[in-house]
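# Working through the structure, step by step
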Amino acid sequence: MDTGAPNGRAGRGRAKSDINVTPLIDIVLVLLIVFIVLVPGLTKALAVAVPQVVRTAAPPPVDRRNPPLVVTLDGRGALTLQQSPIQLGALAAALVPVVQLQPAGLRRVFLKVDGDQSWQRVVDVLDQIRAASDQARRETAARPGWQGRDGGDIKVALSQLPAAPEPGQ
């Protein structure tokens, strides 16, 4: 089939079969510019205040009027409040009266956790402490003379127990 055009190209009256890629490149470049402009605005970062570690020669003195309340979760999964063993379900009920003795706004519990414990178990203990906090706030706010003030939430400090030495070391 001879088209009559040089180099086998279409002659007069025939459609040109070459694809014009210029508009395609224009659209791709516009989309690229749009993404370059929009992506930095999509990332949302929160300012985080990282606590500074201050090393002192001696630990701070313990306030005898407000001794620290310590809950320990050991490697076996056993739970202790101060030095007394306690079941997970009874932790909230045991914490409420003790926490109410702490000064308003200074309610705190130290949670010591063995590093081998699962995070789910730690969260379960934290849930019990939160439940104790809620109950203590309700009971404190209902006391006469508190005028609806609730004494504040329990602040929890979480620390990891030191690793037990390997046998024979």
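None of these values were measured; they are calculated from a predicted model.

## Concerning the sheet that holds strand β1 (residues 70–73)
Read across the open sheet, the five strands follow the order β3-β2-β1-β4-β5; overall the sheet is mixed. Strands at the two margins of the open sheet, each flanked by one partner only, are β3 (84–86) and β5 (155–160). Averaged over all adjacent pairs, the angle separating strand axes in this sheet is 25 degrees, with direction ignored. In terms of strand pairing, strand β4 (residues 108–113) meets β5 through six bridges, oriented parallel. Across the sheet, residue Arg-108 finds its bridge partner in β5, namely Lys-155. Contacts from helix α3 (residues 119–142) reach β1, β2 (79–81), β4 and β5 within the one sheet, and its direction differs from that of β4 by about 165 degrees.

## Looking at unusual backbone geometry
For Gln-82, which is not glycine, the phi torsion reads 60 degrees and is therefore positive. With respect to the helices and strands, Gln-82 occurs in the loop between β2 and β3. In this structure Gln-82 comes out as partly exposed when scored by relative accessible area, which is 34%.

What counts and how
Residues numbered from 1 in each chain as written. Predicted model: local features only at pLDDT ≥ 70, side-chain atom pairs only at ≥ 80, totals over all residues. Heavy atoms only, no water. Pairing = 2+ DSSP bridges. Helix = DSSP H or I, 4+ residues; strand = E, 2+ residues; numbered from the N terminus. Axes fitted to C-alpha atoms, helices over the stretch in contact; angles between N-to-C directions. Contact = heavy atoms within 4.5 Å. Buried < 20%, exposed > 50% of the residue type's maximum accessible area, 1.4 Å probe, protein only.

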